[in-house]
Amino acid sequence: MPGIDNIIKKITDEAKERAKNIENQADKKKEAIIGEKTEEALEIKKRILTKSDEESKSIIEKANSTANLKARDIILLAREEIIERVLNLVKDELNNLTSEDFIKYLKASTKNLNLTSKDEVKIPKKYYEDIKKEDLDLNISSEFIESGFLVKKGNLIYNGDFSSIVDSMREDLMPLISDELFKK
């Protein structure tokens, strides 16, 4: 029965053709879905990498900022220590004035105080004999102080102690010392 065989063959061929077309369409859909999902995955990967890159940059910036602040603090602390040493050296230098320089300082400092013989001037012991020889017309006390001088004028006390003077001028001296030592 050649007619039926031809019909069966024709149906089989059409079925194979249809199956092939369906398979081709499925492959195309599969490729399209794979391409689409690959693009989505690449976009997600790109976003993750961008976010990761931004976070790493932020972490690095924060670390650098923290390191810079710590370095600045260390430098400021070192500068403060150096300035403090300079102020101590100034005090030492003033405490070790020669008798001649101390007498000049005392004369200049007491000149406008209008001192009388009732007013008492205390000085360091190491300058006592030299000042007595100068005959400065000051009532020099036999009680001594560590540095500078101290004047008792009635109820008033004038403190010319070198350490006190340097300490009271600290705020004014620090910027000057800093500018001089740390010029750029």
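Residues numbered from 1 in each chain as written. Predicted model: local features only at pLDDT ≥ 70, side-chain atom pairs only at ≥ 80, totals over all residues. Heavy atoms only, no water.

Our working rule: UniProt positions are given in the numbering used here, feature names are shortened, and annotations may be inferred rather than shown by experiment.
The name an unreviewed UniProt entry gives the protein is ATP synthase, subunit E, with Peptoniphilus lacrimalis 315-B as the organism. Taken from UniProt, the Sequence similarities (unreviewed entry) comment for the protein reads in full: "Belongs to the V-ATPase E subunit family."

## What to know about the overall build of the protein
We apply this condition: What counts as a helix is a DSSP run of H or I of at least four residues, what counts as a strand is a run of E of at least two, and both are numbered from the N terminus. Two things to know: the radius of gyration comes from C-alpha atoms, and the globule rule equals 2.2 Å times the number of residues to the power 0.38. For every residue, the accessible area (1.4 Å probe, protein chains only) is compared with the maximum for its type, and the residue is labelled buried under 20%, exposed over 50%, or partly exposed between those bounds. The charged-residue count follows a simple rule in which Lys and Arg add positive charge and Asp and Glu add negative charge, with His and chain termini not counted at all. To locate a charge, take atom NZ for lysine, CZ for arginine, CG for aspartate or CD for glutamate.
Counting secondary structure elements, the protein contains five helices and four strands. Over its C-alpha atoms the protein spans a radius of gyration of 48 Å, topping by over 25% the 16 Å that the globule rule assigns to 184 residues. With respect to the principal axes defined by its C-alpha atoms, the protein has extents near 160 × 30 × 25 Å. Here the protein, with 184 residues, has 17% of them falling under the buried criterion. Looking at the protein, you have 34 positive and 38 negative side-chain charges, and the mean spots of the two groups are 6 Å apart.

## Remarks on the sheet that holds strand β1 (residues 120-123)
The line we're drawing: Strands were regarded as paired on the criterion that DSSP finds at least two bridges between them. Axis definition: a line fitted to C-alpha atoms, over the contacting stretch in the case of helices. Angles run 0 to 180 degrees between N-to-C directions.
A sheet is described by the order of its strands in space; here four strands give the open sequence β2-β1-β3-β4, paired in mixed fashion. The open sheet has two free edges, formed respectively by β2 (139-144) and β4 (156-159), since each of these has just one partner strand. The mean inter-strand angle of the sheet, taken between neighbouring strand axes irrespective of direction, is 25°.

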